[in-house]
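# Analysis of the macromolecular model
As a plain string of letters, each chain reads:
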Amino acid sequence: MPRDTTDTLGLGEVVSNESLANLLREERKFAPPAALAANANVTAEAYEQAEADRLGFWAEQARRLAWATEPTETLDWSNPPFAKWFADGKLNVAYNCVDRHVEAGNGDRVAIHFEGEPGDSRAITYAELKEEVSRAANALTELGVGKGDRVAVYLPMIPEAAVAMLACARIGATHSVVFGGFSADAIATRIQDADAKVVITADGGYRRGKPSALKPAVDDAVSRIESVEHVLVVRRTGQDTAWTEGRDVWWHEITARQSAEHTPEAFEAEQPLFILYTSGTTGKPKGILHTSGGYLTQAAYTHHAVFDLKPETDVYWCTADVGWVTGHSYIVYGPLANGATQVMYEGTPDTPHQGRFWEIVQKYGVTILYTAPTAIRTFMKWGDDIPAKFDLSSLRVLGSVGEPINPEAWMWYRKNIGADKCPIVDTWWQTETGAMMISPLPGVTETKPGSAQRALPGIAATVVDDEANEVPDGGGGYLVLTEPWPSMLRTIWGDDQRFLDTYWSRFEGKYFAGDGAKKDEDGDIWLLGRVDDVMLVSGHNISTTEVESALVSHPSVAEAAVVGANDETTGQAIVAFVILRGTATTSDELAAELRNHVGTTLGPIAKPKRVLPVAELPKTRSGKIMRRLLRDVAENRELGDVTTLTDSSVMDLITTQLPSSS
Ligand code: 6R9
């Protein structure tokens, strides 16, 4: 039942910042499959165990790793919010992800089934991965890279990306991966901020059916920077590549002459492992710093618990790019620490045809699939008949990450990909959190479409109001994390003050995630989008997520993005940008129907003032809708920074398509 909000409409209330309106009601629930539950890696007991002794729980999880020196101390929180986890322990992250599986007799197990976009493929066993990582570690050492040095990585989705990251980890260097395809400016600021000594790139990668050069952007960036001594270049496409003698080195040449043996050194648990930049809407990108022991503990534990990974039999596939934190934690570190067999795919989902993902699932017998709502909504738009042509019966667990998943997209995923039986784990986390924080457990949780539900064992998350009071069940507000966790960011690289200001100053003693959220009557958490995007209509805070989900629940809508645009009478008015499904066509009647559909689903307060059909929406490389650009459009402003868009021509398309007046 939609909540009735009409009583407060038009009363000219003072702008309230109290809480988010709770509009969407979702009643569907799905129990875990009995067979999965009976044999699950993690049961409901884990919550109780962690509740009773949170630090003891994490100390136990740290024992999934191989330590050169076992830690005796779990958490040092003597100088909050600067945490140290397992500080007196020593380990080598690459040894944990590679060598120990070989030593345990699993060297012949495939670590990576690589599928190139043009159709080339390669299976790399753990024994082979160990040799490749060792050669690359020796090569980096030859180039003068040592413990604590920073290395920038700008590669396509090829196995060398994982090898490069692990080689850095192996020698105690800190990697900073930049999305392949980001501009020279974006690379330059990131290299400069981290003061990187070496850049690892490729001649190019395959995207949308053709080779796409990568090295020119690196050349441009590096020409402005003193710190870079060498550029290490993987040959992927074989295209012509400009060369700077003395500085540039071919990956295949330097690795070929190295020994395939390399003795991993043990580093302190707090040794910096990587810096990953998040853009944010204003200011320079933030270099999120992660360290080794705590990060790997939580990446490995969550991958084991949330996907129920059985390394001997599962074939796991995370469709993320390694340039996104999801690729760091759930392609490289989590799965490899757990000895998983995984698929890595270079290209786009519609090359050479719209069934490419399902063809890959069928070819490798993928059992666990981890992808993003943006991809799922795209598949919905392409039609149910496409996945139906492939054998997807190997799948047993489905994951989602990156944005709130609209209930209708969740239902589509479950039915069309998961044969109405696979549990869906909607995993909430951030670059800053390093690993999953809120998610169902596939053998335990009765799942609800659109909800990430509950903090994982050992994690403390809740929803608070403006004054930091925990909201009751049924209430909405801000998502906060109330206890430190092993894979938490340690700081913003080079800027402790910004770390404090951004995450720890809004609510005393709590980590502020920047997301709106609500608790339902069972206490389950629903993510409602970034608080920066919350709309304020006639004194009501309305989340983008709920209005978008209402729009996507209409059969004519594939995707929707809503923003609040300045409005004389209501403060802000909701403007909706929608992508229509296959057969639907734009008309005034349809726009009116969609407005009414939102009105009846959520209540009149949430009715968009304008509904604008568009062909595409502006998205980041990790598939997040960039609503601030749509707000610029809705308010007839000049566009803000578009450099982190996947495709900046999308904005031209949107602006030329729109009626010029309201
Ligand atoms: C892993 C990742 C973090 C932001 C986060 C939130 C959104 C991610 C989500 C989700 C709702 C989920 N987000 N997962 N929102 N449900 N399951 O995405 O990291 O790129 O740093 O983005 O993404 O807004 O605050 P990152």
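Residues numbered from 1 in each chain as written. Predicted model: local features only at pLDDT ≥ 70, side-chain atom pairs only at ≥ 80, totals over all residues. Heavy atoms only, no water.

- Under an unreviewed UniProt entry, the name given to the protein chain is Acetyl-coenzyme A synthetase, and the organism recorded is Streptomyces arboris.
- The heading Catalytic activity (unreviewed entry) in the UniProt record of the protein chain holds the text "acetate + ATP + CoA = acetyl-CoA + AMP + diphosphate". (UniProt positions renumbered as here; feature names shortened; annotations may be inferred.)

### What about the packing of helix α17 (residues 544-552) against helix α18 (residues 588-602)?
- Running from N to C, α17 and α18 cross one another at 120°; their axes reach a closest spacing of 9 Å. Here α17 is positioned oblique relative to α18, judged by the angle of their axes. Read as a crossing pair, α17 and α18 show a hand that is right-handed. Of the residues in α18, those touching α17 at E546, V547, A550 and L551 are L594, H597, V598, T601 and L602.
- For the contact of α17 with α18, the class distribution of residues is six nonpolar, two polar and one charged. (Axes fitted to C-alpha atoms, helices over the stretch in contact; angles between N-to-C directions. Helix = DSSP H or I, 4+ residues; strand = E, 2+ residues; numbered from the N terminus. Parallel < 35°, antiparallel > 145°, perpendicular 65-115°, else oblique. Left-handed = near helix turned anticlockwise from the far one by under 90°. Contact = heavy atoms within 4.5 Å. Nonpolar A, V, L, I, M, F, W, Y, C, P; charged D, E, K, R; others polar.)

### As for the pattern of salt bridges
- This structure, assessed with the given rule, holds 44 salt bridges.
- Put simply, E470 and K519 hold a salt bridge, and the shortest N to O gap is 3.4 Å. With E470 in the loop between β21 (461-464) and β22 (476-481) and K519 in strand β24 (residues 511-519), this pair connects stretches of sequence that are 49 residues apart.
- A residue is classified by how much of its surface remains accessible, and E470, at 54% relative accessible area, is exposed.
- In this structure K519 comes out as buried when scored by relative accessible area, which is 8%.
- One connected set of salt bridges, linked through shared partners, spans K29, K448, D520, D522 and D524. (Salt bridge = Lys/Arg side-chain N within 4 Å of Asp/Glu carboxyl O. Buried < 20%, exposed > 50% of the residue type's maximum accessible area, 1.4 Å probe, protein only.)

### Focus: the UniProt feature "binding site: ATP" (unreviewed entry) in the protein chain
- Mapped onto this numbering, the UniProt entry gives "binding site: ATP" (unreviewed entry) at G402, E403, P404, D426, T427, W428, W429, Q430, T431, D515 and R530.
- Note that T427 resides in the loop between β20 (424-426) and β21.
- You can call T427 buried: its relative accessible area is 2%.
- Ignoring sequence-local partners within four residues, the contact set of T427 consists of V306, Y370, S400, V401, M436, I438 and S439.
- Every residue in contact with D515, bar those within four places of it in the chain, is listed here: W428, Q430, G477, Y478, L479, L527, G529, R530 and V531.

### Overview of the nonpolar core
- Residues L129, L166 and Y333 are the most contacted members of the largest nonpolar core, which totals 141 residues.
- When residues in this core are grouped by element, the largest group, ten residues, is from helix α6 (residues 159-171).
- Sequence-distant contacts of L166, defined by excluding residues within four places in its chain, comprise A94, C97, V98, L129, V133, V332, Y333 and L336.
- Listed in part, the 31 residues of the second largest apolar core include W358, I360, I405 and W412. (Core = buried A, V, L, I, M, F, W, Y, C linked by side-chain atoms within 4.5 Å.)

### Description of the packing of aromatic side chains
- In the structure shown here, the tally under the stated rule is 33 aromatic pairs.
- Ring geometry for Y295 versus Y333: centroids 5.7 Å apart, planes at 85°, classification edge-to-face. Of this pair, Y295 sits in helix α10 (residues 293-306) while Y333 sits in helix α11 (residues 325-337), and the two are 38 residues apart along the sequence. As far as burial versus exposure is concerned, Y295 and Y333 are alike and both buried.
- Between Y345 and F357, the aromatic rings sit 6.2 Å apart at their centres with planes inclined by 90°, giving edge-to-face as the arrangement. (Phe/Tyr/Trp six-rings, centres within 6.5 Å; stacked < 30°, edge-to-face > 60°.)

### Considerations on the site of the ligand
- Taken together, 17 residues sit near the ligand, with D426, T427, T431, D515 and K624 positioned nearest.
- For the shell around the ligand, the elements supplying multiple residues, two or more each, are α11 and β25 (525-530). (Near = heavy atom within 4 Å.)

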